[in-house]
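# Descriptive structure summary
If you want the building blocks of each chain, they are given just below.
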Amino acid sequence: MRAAILAIGTELLGTDRLDTNSLRLTQSLETYGVPLVTKAVAGDDETQIAQTLDHLFTQADLLLVTGGLGPTADDVTRQAVARALRRDLCFDDDVATGIEAKFASFGMRMPQVNRRQAEVIDGATVLANPRGTAPGLRCDDERGTVFLFPGVPTELEGMIVADLEPWLAERSGGAGRERGMLKVASLPESTVEERIAPAYAELGRENVSVLAKAGEIRVQFWAAGAPAERRQRLAQMAARLRGLLGDAVFTDREDEDLAAVVGDLLRRRGESLASAESCTGGWLGRRITAVAGSSDYYPGGVVSYSNAVKEDFLGVPAALLAEHGAVSEPVAVAMAAGARERLGATYGIGITGVAGPGGGSEEKPVGTVHLALVGPPAAGARSEDAAGSALVEHRRVRFPGDRERVRWMSTQLALEMLRRHLLGVGSIAGEGNAEGRRSGAEAGVA
Ligand code: ATP
């Protein structure tokens with residue numbers, strides 16, 4: 001079996017929408033070991049879609065089609081597929097009754113236009129769509145099988161799990177390909193590549209790939225075979241790669257954010273974090289609070305964008321601001337300490353920088369960011385220091401890229417600094433990341 005994907009929707013040909021459905025479908029194909037040979041995007045044009053399907057059938061015998069099953073006149077996928085398969089469309093009373101019942105359950109009457117969604121290609125199997133009104137269809141033809149799915153990603157997801165994957169499982173005899181992943185924060189791609197290179201020969205170069213995005217590297221690896229066999233292989237591969245990457249790996253879950261990992265560590269230790277953000281404007285707080293249950297370890301943060309807020313809400317001394325400027329080590333440290341002490345947390349993080357595009361200078365070019373992590377004073381600190389905070393780490397970095405990237409990288413590095421501290425594995429500087437430096441720890445900063 002060889003597969004092709006066709007994403008339908010004029011909006012997908014423009015600049016506003018990206019075809020992400022094909023990525024999700026590809027994931028299922030990979031899991032069940034079905035090679036994807038080509039992908040196409042077509043607008044809502046009956047002739048264009050029918051011709052594309054004819055063409056795809058010359059290369060594949062499983063066509064996965066999404067989009068254009070809606071009730072409006074521009075949704076022509078059913079007609080186009082019927083035309084390509086040289087079949088008729090017939091009105092299906094049962095499907096119509098089901099759609100009416102769905103509207104009724106919301107206390108609404110079905111608009112007349114939705115009757116179009118009850119048109120079924122002759123001989124097709126109707127696939128229920130519990131998350132929407134447009135049912136999917138599966139048509140078996142002498143050239144192969146066509147699945148029609150709605151374009152709405154959540155509706156598609158439900159039908160992949162309920163219809164496509166069981167169908168693929170039946171035909172693949174359980175054999176397939178599965179992907180494992182390790183995520184690394186704040187190491188350059190080349191360092192990651194260098195570290196895992198010794199494993200390429202034994203794992204198979206084609207089975208491992210490194211995907212970089214700003215501040216986060218994903219090491220992906222694949223294993224093939226029956227489910228139990230490939231999972232065992234994936235576990236072995238993960239262990240080998242982890243061995244090479246060490247503490248740089250923060251998760252093996254694709255959907256787990258660094259903020260969730262840090263949150264887990266704080267919760268397990270019964271500790272907490274407060275933040276003081278300038279150039280990131282609350283982005284760090286947003287990432288932390290995106291994790292359910294984060295109130296267990298995050299009392300809150302201060303978006304201290306102006307100097308006045310830094311002074312009034314965080315107690316940053318005006319003299320420090322005047323002497324060093326807002327983007328400086330002493331101010332980042334004082335912000336972190338202010339947040340920690342005023343919000344009553346175990347740790348405080350302060351971030352202040354020049355996100356750009358303007359505002360840079362020779363001394364502090366765009367992309368310059370100071371990040372400070374402070375914690376409780378060291379045991380045995382003098383009593384007058386006891387209410388203060390101790391500096392855990394300060395880093396001055398210069399991130400490349402635009403405003404968004406500088407801001408994102410700042411939140412990522414701040415979280416990584418804390419993660420490494422909580423694990424007791426030393427700073428990123430020791431990981432071969434040339435950017436930034438670590439200040440002498442334990443300096444009192446009250
Ligand atoms: P419905 O009748 O439920 O609207 P539909 O099959 O007609 O479903 P479309 O109207 O084509 O679906 O698209 C509905 C939504 O799903 C739109 O917001 C669209 O941008 C999004 N969408 C459609 N195709 C894709 C795709 N390939 N990738 C990501 N999003 C998509």
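Conventions and cut-offs
- Residues numbered from 1 in each chain as written.
- Predicted model: local features only at pLDDT ≥ 70, side-chain atom pairs only at ≥ 80, totals over all residues.
- Heavy atoms only, no water.
- Pairing = 2+ DSSP bridges.
- Helix = DSSP H or I, 4+ residues; strand = E, 2+ residues; numbered from the N terminus.
- Axes fitted to C-alpha atoms, helices over the stretch in contact; angles between N-to-C directions.
- Core = buried A, V, L, I, M, F, W, Y, C linked by side-chain atoms within 4.5 Å.
- Buried < 20%, exposed > 50% of the residue type's maximum accessible area, 1.4 Å probe, protein only.
- Domains from an automatic or database assignment.

## A few points about the sheet that holds strand S10 (residues 208-213)
- Ordered in space as S10-S11-S9-S12, the four strands form an open sheet in which the pairing is antiparallel. Both edges of this open sheet fall to S10 and strand S12 (249-251), since each of them pairs with a single strand only. When strand polarity is set aside, the average angle formed by the axes of neighbouring strands in this sheet is 35°.
- Alignment of strand S9 (residues 176-185) against S12, held across two bridges, turns out to be antiparallel. Among the inter-strand pairings, Lys183 is bridged to a residue of S12, identified as Thr251.

## A few points about the nonpolar core
- Of all hydrophobic cores here, the largest spans 38 residues; its most connected members are Leu266, Ile349, Ile351, Val369, Leu371 and Leu418.
- Breaking this core down by element, the ones donating at least two residues are helix H9 (258-269), helix H10 (283-289), strand S15 (347-353), strand S16 (368-375), strand S17 (390-398) and helix H14 (403-423).
- For this core, the leading source of residues is H14, giving nine residues.
- A domain-level breakdown of this core finds at least three residues from each of domain 2 (177-251) and domain 3 (258-443).

## A few points about unusual backbone geometry
- Following Gly356, the chain continues into Pro357 via a peptide bond in cis, with omega recorded as 5°.
- Of note, Arg86 is a non-glycine position whose phi angle comes to about 55°, a positive value.
- With respect to the helices and strands, Arg86 occurs in the loop between helix H3 (77-85) and strand S4 (89-91).
- Take Arg86: its relative accessible area is 62%, and that puts it in the exposed class.

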